[in-house]
Amino acid sequence: MSASLQQVEVGGAAPYRIHIGPDLLHNGPLLVERLRGRHALIVSDSHVAPLYADRVEAALRQVAPELRIARHVIPAGEAHKTLDNFGAAIDALAALGATRDACVYALGGGVVGDLAGFAAACWMRGIDVVQLPTSLLAMVDSSVGGKTAVDIPQGKNLVGAFHPPRAVIADTTALRTLPPRELRAGLAEVTKYGAIVDAGFLHWLEAHRDALLTGDDATLATAIARSCAHKAAITERDPFERGERALLNFGHTFGHAIEAEQGYVDGLNHGEAVAVGMLLAARLAATLGMASRADAETLRGLLLRFGLPVDLPAGLVPEALLARMRLDKKAQASGLRFILWDGPGAAKIVPDVDEAAVLETLRAGR
Ligand code: GLY
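Residues numbered from 1 in each chain as written. Predicted model: local features only at pLDDT ≥ 70, side-chain atom pairs only at ≥ 80, totals over all residues. Heavy atoms only, no water.

What's the story with the overall build of the protein in this structure? I'm lost.
The helix and strand inventory of the protein stands at 14 helices and 11 strands. Against the globule reference of 21 Å for 366 residues, the protein gives a C-alpha radius of gyration of 20 Å, in line with a compact fold. Seen through its principal axes, the protein has C-alpha atoms that stretch 60 × 40 × 35 Å. Within the protein, buried positions represent 59% of all 366 residues. Within the structure as shown, the protein displays about 14,000 Å² of accessible surface, and the carbon and sulfur contribution to it stands at 52%. Here the protein holds 36 positive side-chain charges and 41 negative ones, and the gap between their average locations is 3 Å. (Helix = DSSP H or I, 4+ residues; strand = E, 2+ residues; numbered from the N terminus. Rg over C-alpha atoms; globule rule 2.2 N^0.38 Å. Buried < 20%, exposed > 50% of the residue type's maximum accessible area, 1.4 Å probe, protein only. Areas by Shrake-Rupley, 256 points an atom, 1.4 Å probe, with all protein chains shown as cover. Lys, Arg positive; Asp, Glu negative; His and termini not counted. Charge placed at Lys NZ, Arg CZ, Asp CG, Glu CD.)

If you want it as structure tokens, here you go:
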């Protein structure tokens, strides 16, 4: 095993380990470490499967020749995180004859991880899933913490389940083939951890900006491990988002509304929408007397230097975004609830946010 392997433990009722390091998708013993049964379904997408599915399947076959393995490949992109594709993944499990001890290997970015995880959560009321994230965003956020879901036209992630993985195996070598735009999108979620719980991390990110943007393996691995440690700590204390886990949604109420309004095609990707959303949430916080405007501008500078968008895309209508937010599952019956910034390394869950202040922030953010 590589000397540079890093591990993060996630405790709680269903503990698991996050492994971070180079060449892990070749590592058969690690891939089967928590395997229980004789069936494995590799779920991937049309971009990632041609790059990595053969190597994962070969590594599995080498260490577990008795394993019955099938592949299920979905079209790449958020627009395909649908109930129809969820149904197709269930059909693939049925065709494999997957028993209750089967394992789904979710090989890809956040779309694959969410959809494959949801299929694992539902097949026979729950089978194992091992997350094999290949994008930075999936490595630092979506593969960890057990949230699984698909989108419906009314909004993102509205149908899903909490279903923790058996393990997360983040092969940092995969980041070398990640399009630069996807790398930057992942850096938005990395920045989020600094913003909400770790002011020192924000300084570290600023100092290591060039190494991160050029894809330096060791620097990325450090950023991933630090992000995962924060996510592990929070999700361990609050696995079902009854309290502090909601802080991880900083920037997401605005971000999800932007994504939904853009229809998940040809618009901002998730990380980009979160970048715009974090800045809007920081500015809304400033309007409400929390974080200072200067802090919001500092955050803006870091996001810009990561090559991320910070303005609302042209053509989006503030009133329509507000209507989307009312449906967001983070809203509550009593009114709009936001995660607002309280300055570097601090965030707060704020219920009943004044809709007029939200509209003002959206209008100013164009
Ligand atoms: N991405 C937010 C969470 O996992 O809670």
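Explanation requested: unusual backbone geometry in the structure shown.
Apart from glycine, the bulk of residues carry a negative phi angle, and the bulk of peptide bonds sit in the trans form. The phi torsion at Met124 lies on the positive side, around 50°, for a residue other than glycine. As for its placement among the helices and strands, Met124 is situated in the loop between α4 (110–122) and β6 (128–133). Located in the positive-phi region is Asp352, a residue other than glycine, with phi close to 55°. Tracing the sequence through the fold places Asp352 in the loop between β11 (347–350) and α14 (355–364).

Any chance you could explain the site of the ligand here in plain terms?
Inspection of the region around the ligand gives Asp141, Lys147, Lys231, Glu241, Arg245, Leu248 and Asn249 as its neighbouring residues. Taking Lys231, its side chain carries an N or O atom lying 2.5 Å from an oxygen atom of the ligand. With respect to the ligand, the side chain of Arg245 contributes an N or O atom lying 2.7 Å from an oxygen atom. In the complex, 91% of the free accessible area of the ligand, which totals 200 Å², lies under the protein chains. In terms of residue class, the shell around the ligand is made up of 1 nonpolar, 1 polar and 5 charged. (Near = heavy atom within 4 Å. Polar contact = N/O pair within 3.5 Å; in protein donor to acceptor, adjacent residues only side chain to side chain. Nonpolar A, V, L, I, M, F, W, Y, C, P; charged D, E, K, R; others polar.)

Help me understand the pairing of strand β10 (residues 338–341) in this model?
In regular strands, side chains alternate between the two faces of the sheet. Side chains of β10 alternate between two faces, with Phe338 and Leu340 and Ile339 and Trp341 buried alike. Pairing of β10 with β11, which is carried by 4 bridges, proceeds in the antiparallel orientation. Along β11, the bridge assignment pairs Ile339 with Ile349. Between β10 and β11, which follow one another and run antiparallel, lie 5 residues, and Gly343 among them has a positive phi close to 100°. (Pairing = 2+ DSSP bridges.)

Is there a simple way to think about the packing of helix α13 (residues 318–327) against α14 in this case?
Packed helices, taken two at a time, are described by the angle between their axes plus the distance between the axes. Between α13 and α14, whose axes approach to 9 Å, the crossing angle comes to 130°. Taken together, α13 and α14 sit at an angle that is classed as oblique. Two packed elements cross with a definite hand, and for α13 against α14 that hand is right-handed. On α14, the residues touching Pro318, Glu319, Leu321, Leu322, Met325 and Arg326 of α13 are Glu355, Val358, Leu359, Leu362 and Arg363. Grouping the amino acids of the contact of α13 with α14 by side-chain chemistry returns 7 nonpolar, no polar and 4 charged. (Axes fitted to C-alpha atoms, helices over the stretch in contact; angles between N-to-C directions. Parallel < 35°, antiparallel > 145°, perpendicular 65-115°, else oblique. Left-handed = near helix turned anticlockwise from the far one by under 90°. Contact = heavy atoms within 4.5 Å.)

Got a minute to help me understand the side chain of Glu57 in this structure?
Inspection of the secondary structure assignment puts Glu57 in helix α2 (residues 49–63). Once residues within four sequence positions are removed from consideration, Glu57 is found in contact with Ile42, Ile69 and Arg71.

Would you mind going over α14 with me for this structure?
All of the buried residues along α14 are Ala357, Val358, Leu359, Thr361 and Leu362. Buried residues along α14 sit against α10 (252–262), α11 (270–287), α13 and β10.

Explain the sheet that holds strand β2 (residues 16–21) to me, please; I cannot follow it from the model alone.
Either a parallel or an antiparallel arrangement is found when strands of a sheet pair, and the pairing is made through backbone hydrogen bonds. An order of β1-β2-β9-β6-β5-β3-β4 is seen for the 7 strands of this open sheet, with the pairing classed as mixed. Bordering the open sheet on either side are β1 (6–10) and β4 (68–74), each of which pairs with just one other strand. Sheet twist, expressed as the average angle between the axes of neighbouring strands with direction ignored, equals 15°. In terms of strand pairing, strand β3 (residues 39–45) meets β4 through 7 bridges, oriented parallel.

In this structure, what is going on with the environment of Pro180? I would like to understand it.
Relative to the helices and strands, Pro180 resides in helix α6 (residues 180–197). Here Pro180 falls in the exposed class, since its relative accessible area comes to 56%. Along the backbone, Pro180 and Ala275 are 95 residues apart, and their C-alpha atoms lie at a distance of 16 Å.

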